[in-house]
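Architecture and fold: a report
Single-letter residue listing:
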Amino acid sequence: MPDELKVDPFGPLDALYAAVRRCAPQVAVTRARVPEQYSVPMLGMVGALGMRLHVSYEGRPARRIHWDGDAYVWVSGPDYGVQLPADPEQAAMRVGRALGAPVSPAPSRG
């Protein structure tokens, strides 16, 4: 049906979003689809929409994070290209610290 609501499954960026909200609740965090361009042999540049997590703290410029299939990666800002841990809780702690926000570890499981 053309009027059906499209819902994406819970994925790695959703897990990081939730972890940032727990570990560094003062950090502003949103999920957004942003245009990306890829070079494809014989076709040239092709556009697509990629999911990104946008994070910021206290009026600092927003920075973007991408899931590359193995780990979270900064895709903007001074840490461009630097990988974050694949574990969302550990990555959330690093995100908060990188932005200068107060962080607190998530309660231990068990």
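Below or above, wherever it landed, is the structure these notes cover. Just so it is clear, the structure is predicted and the values come from calculations on it, not from any experiment.

Bringing the pairing of strand β3 (residues 63-67) into the picture now. Where β3 and strand β4 (residues 72-74) come together, three bridges link them in antiparallel fashion. Among the inter-strand pairings, Ile65 is bridged to a residue of β4, identified as Trp74. The hairpin formed by β3 and β4 contains four residues between the paired strands, and Gly69 there has a positive phi angle of roughly 105 degrees.

Let us look at the nonpolar core. The biggest cluster of nonpolar side chains holds 23 residues, and the ones touching the most others in it are Leu16, Val27, Val55, Ile65, Tyr72 and Val95. Among the secondary structure elements, those contributing two or more residues to this core are α1 (12-23), β2 (44-56), β4 and α2 (88-99). Tallying contributions element by element places α1 first for this core, with six residues. Apart from the residues lying within four places of it in its own chain, the contact partners of Val55 are Val27, Ala28, Val29, Pro61, Ala62, Arg63, Ile65, Trp74, Val95 and Leu99.

So, about the side chain of Arg63. Assignment of secondary structure puts Arg63 in strand β3. Here the side chain of Arg63 touches Asp79 through a polar contact of 2.7 Å, side chain to side chain. Those residues within four positions of Arg63 in sequence are excluded, and the remaining contacts are Leu53, His54, Val55, Trp74, Ser76, Gly77, Pro78, Asp79, Ala98 and Leu99.

Calculation criteria
- Here the residue numbers are simple positions, counted from 1 along each chain's written sequence.
- Given that the model is predicted, a residue must reach a pLDDT of at least 70 before its local features are reported, and side-chain atom pairs must reach 80 or more before they are shown or counted; all residues, however, enter totals for whole chains, interfaces and linings.
- Side-chain calculation: all heavy atoms of the structure are included, whereas hydrogens and water are not.
- By definition, two strands form a pair when at least two bridges between them are found by DSSP.
- Elements are defined by DSSP. Helices are runs of H or I of four residues or more, strands are runs of E of two residues or more, and each kind is numbered from the N terminus.
- To define a nonpolar core, start from buried Ala, Val, Leu, Ile, Met, Phe, Trp, Tyr and Cys residues and group those joined through side-chain atoms within 4.5 Å.
- The buried label goes to any residue with under 20% of its type's maximum accessible area, the exposed label to any with over 50%, and the partly exposed label to all in between, with areas taken from a 1.4 Å probe on protein chains only.
- In this analysis, two residues are considered to be in contact whenever any of their non-hydrogen atoms come within 4.5 Å of each other.
- Distance and chemistry together define a polar contact, namely a pair of N or O atoms within 3.5 Å, with one atom able to donate a hydrogen and the other to accept it when in protein, and with adjacent residues in sequence counting only for side-chain atoms on both sides.

Read these as layout, nothing more, since geometry by itself doesn't imply function.
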